[in-house]
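Residues per chain, in single letters:
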Amino acid sequence: MQLRELQRAFQARILALEPGIEAQLKDARNADFGARLDAYVRGYRARLVEALGTTYPVLKLTLGDDEFDRQMRRYIDSTPSRNYSVRHYGAGIAEHMAMQDTGGVGQALSELARWEWTLADVFDAPDDAPLDVATLAAVPPEAWPGVSFTLRATVRRFDSETNIVEWWRAANGLCERPGALAPSPAAQWLLWRRGVKTLFRSLDPVEAAAFAEAHSGATFGVICERLAQYADEADVAFRAASLLRGWIAEELIAQCSWQDIEQ
Amino acid sequence: MTQNLGFGLGLRPDHYEAILADRPPVDFFEALTENYLVPGGKALHYLDRIRSEYPLVLHGVSLSIGSTEPLDRNYLMALKTLAQRVEPAWVSDHLCWTGASGINLHDLMPLPYTREALQHLVPRIQEVQDFLGERILIENVSSYVAYQASEMSEWEFLAQLSREADCLLLLDVNNVYVNSINHQFDPDEFIRGIPVDRVAQIHLAGHERQETFIIDTHDAPITDSVWALYRRTCERLGAVSTMIERDANIPPLEELLAELDIARGLTDAEAAA
């Protein structure tokens, strides 16, 4: 058997438990041969379960070690890794959990997985410098309606329909644990990194609407138009400026740009 | 010959703060390449800070130099970018394959020791070295099964490979010991068969003994048998950069520093003799 076939046969034994490689290996009749082969077959699954446990610590805590192990092995057997870094394995866990029979909490478990994946995503997102407030001071007053913003590369928005954020905070000792995972009023969250520290907070509906516009690259004028749906016209500019100051202070914005206006 | 960096430790996140706060007497750190192939954040932040204080080498697990798949250009590009960032003394990876058909098993799968495998590996190592602009170190791996097709011993294979590909070797003394039990050979014959001028680094680690074989777990202190083999390795190789590789059950830094002192003591005794 040539090298290519040898590797494919060995891999098929590990992934699909297909026999075939045994004939190419020495000492296949020895009593400990199965245990030796298992070092690869079981080792593959154990390694990925461990890696997923690192990415999804609260999901693991919630399910318990045995159920987490069972759920992750199902995922592993249906989803081989195709990335050189094990860090990227597990992107489909939220979808996987949504499809499992988990006693009516599938949506919450899926949401929890999506939350933890988002945290991981923020954790190693690109470093970029926050906007210096002096840059904004250079914006000519007449250019303000056309100013648009680039958010920091670490910024993520997250929508929840269950109490998973409270659940996650409780698991990390930050609040009392809710009685159970359960549906809750829709909420919107902002996650980002300041230096190496990952942060998150909730967004009220007005700020969420304005932030969604900023996130999509809308101009300050469009953000104000959106706020006008929620506030008196006289208060819109003040509210928009107030939000913007807060976003800059929290280091959520990387850049702003505007077009020079001919005098 | 590459420079002797002295006695190093694997760089692990558990120790980031202690390293920066205490500046422990470690001559160099070995960083796991894949942990730092990320766009930004904590891992790169600490790597940069520790690099500014200590010499560094990069040690990868995903090169898959023995795979019959084409080399992963994205991986190589990311590796080169990281190497340009931290300027390691050298880059190493393993003599293994990690997957086929686009799948990554995230394991160091053994290769058969055949002429065919050598002919496959040599141009691939040369391609990597040309791409990185430097010689790389290839490490011997632990294995639990052996191929019928093998035509030579592991050490003969490594010796030929390093000569034909003009690469360097990272000699994992623990893996030599593990394989000597698993495949029943004399570990000293292995050490005697390795070309002295090709070994640029030594790894030491712990393992887990099963009933009839050993699993290379890197989760325990180095055993007496491995220390003894290390001493005999030093007799043959002289002073070579040596590091302790602990990947799980990470103890406080002091414990690893104490193990590193054992390595220093053994080589000092060897030098005195």
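Fair warning: this is a prediction, and the values are worked out from it, not measured in the lab.

Would you mind going over the sheet that holds strand β3 (residues 183-194) of chain A with me for this structure?
Pairing between the strands of a sheet comes from backbone hydrogen bonds, and it takes one of two forms, parallel or antiparallel. Residues and elements named next belong to chain A. With antiparallel pairing, the three strands of this open sheet are ordered in space as β2-β3-β4. The sheet is open, and its two borders are formed by β2 (156-162) and β4 (197-203), each paired with just one other strand. Put simply, the sheet's adjacent strands are angled 30° from each other on average, direction ignored. Lying over the sheet, helix α6 (residues 106-123) contacts β2, β3 and β4, oriented at roughly 165° with respect to β2.

What is the right way to read the interface of chain B and chain A from this model?
The extent of an interface is frequently quoted as the accessible surface area lost upon association of the parts. With 40 residues of chain B in contact, the opposing surface of chain A contributes 37 residues. At the level of secondary structure, the elements contributing two or more residues to the side of chain B that touches chain A comprise α2 (42-51) and α4 (115-132) of chain B. Within the side of chain B that touches chain A, the residues separate by chemical class into 19 nonpolar, 15 polar and six charged.

Is there a simple way to explain helix α1 (residues 3-16) of chain A in this structure?
Count 3.6 residues to each turn of an α-helix, and residues three or four apart come out pointing the same way. An ideal rise of 1.5 Å per residue puts 20 Å on 14 residues; α1 of chain A measures up with 19 Å between its terminal C-alpha atoms. Among the residues of α1 of chain A, those classed as buried are Leu3, Leu6, Gln7, Phe10, Gln11 and Ile14 of chain A. Seen end-on, α1 of chain A carries its buried residues on one side only, within an arc spanning 125°. Buried residues in α1 of chain A make contact with α2 (33-55) of chain A together with α4 of chain B. Note on α1 of chain A: the residue one or two positions beyond its end, leucine 17 of chain A, has a positive phi of about 55°.

Whenever I open this one, helix α6 (residues 173-182) of chain B confuses me. Can you help?
Residues and elements named next belong to chain B. Burial of α6 is extensive: nine of the 10 residues sit out of reach of the surface. The complete set of buried residues in α6 reads Val173, Asn174, Asn175, Val176, Tyr177, Val178, Asn179, Ser180 and Asn182. Elements that come into contact with the buried residues of α6 comprise α5 (154-165), β6 (168-172), α7 (187-193), β7 (199-204), β9 (214-215) and α8 (224-237). Just past α6, the residue glutamine 184 takes up positive phi, approximately 55°.

Sorry, what's going on with the sheet that holds strand β3 (residues 56-59) of chain B here?
All names here are of chain B. One closed barrel accounts for eight strands, arranged β1-β2-β3-β4-β5-β6-β7-β10; its pairing is parallel. Taken pair by pair, the neighbouring strands of this sheet meet at an average axis angle of 25°, ignoring direction. Relative to strand β5 (residues 137-139), strand β4 (residues 91-94) runs parallel, the two being bridged by three bridges. Pairing of serine 92 across the sheet is with leucine 137, part of β5.

I'm lost on the confidence of the model for chain B in this one. Help?
The predicted structure's coordinates, where accompanied by low pLDDT, should not be read in detail. Averaged over every residue, the pLDDT of chain B is 95; the share at 70 or more is 99%. Under the prediction, the complex receives an ipTM of 0.95, its pTM being 0.94.

Sorry, what's going on with the domain arrangement of chain A here?
Residue and element names in this part refer to chain A. Structurally, chain A comprises domain 1 (31-124) and domain 2 (126-263). Just the C-alpha atoms count here: the centres of domain 1 and domain 2 sit 32 Å apart. Taken together, the contacts link 13 residues of domain 1 with 17 residues of domain 2. Elements that contribute at least two residues to the side of domain 1 that touches domain 2 include exactly α3 (57-63) and α6. A per-element tally of the side of domain 1 that touches domain 2 places α6 first, with 10 residues. Taken together, the residues of the side of domain 1 that touches domain 2 break down into nine nonpolar, two polar and two charged.

Analysis parameters
- Residues numbered from 1 in each chain as written.
- Chains lettered and ligands numbered in written order.
- Predicted model: local features only at pLDDT ≥ 70, side-chain atom pairs only at ≥ 80, totals over all residues.
- Pairing = 2+ DSSP bridges.
- Helix = DSSP H or I, 4+ residues; strand = E, 2+ residues; numbered from the N terminus.
- Axes fitted to C-alpha atoms, helices over the stretch in contact; angles between N-to-C directions.
- Contact = placed C-beta atoms within 7 Å.
- Nonpolar A, V, L, I, M, F, W, Y, C, P; charged D, E, K, R; others polar.
- Expected span 1.5 Å × (residues − 1).
- Buried ≥ 20, exposed ≤ 12 C-beta atoms within 10 Å, placed from the backbone.
- Arc of directions from axis to C-beta.
- pLDDT = per-residue confidence, 0-100.
- Domains from an automatic or database assignment.

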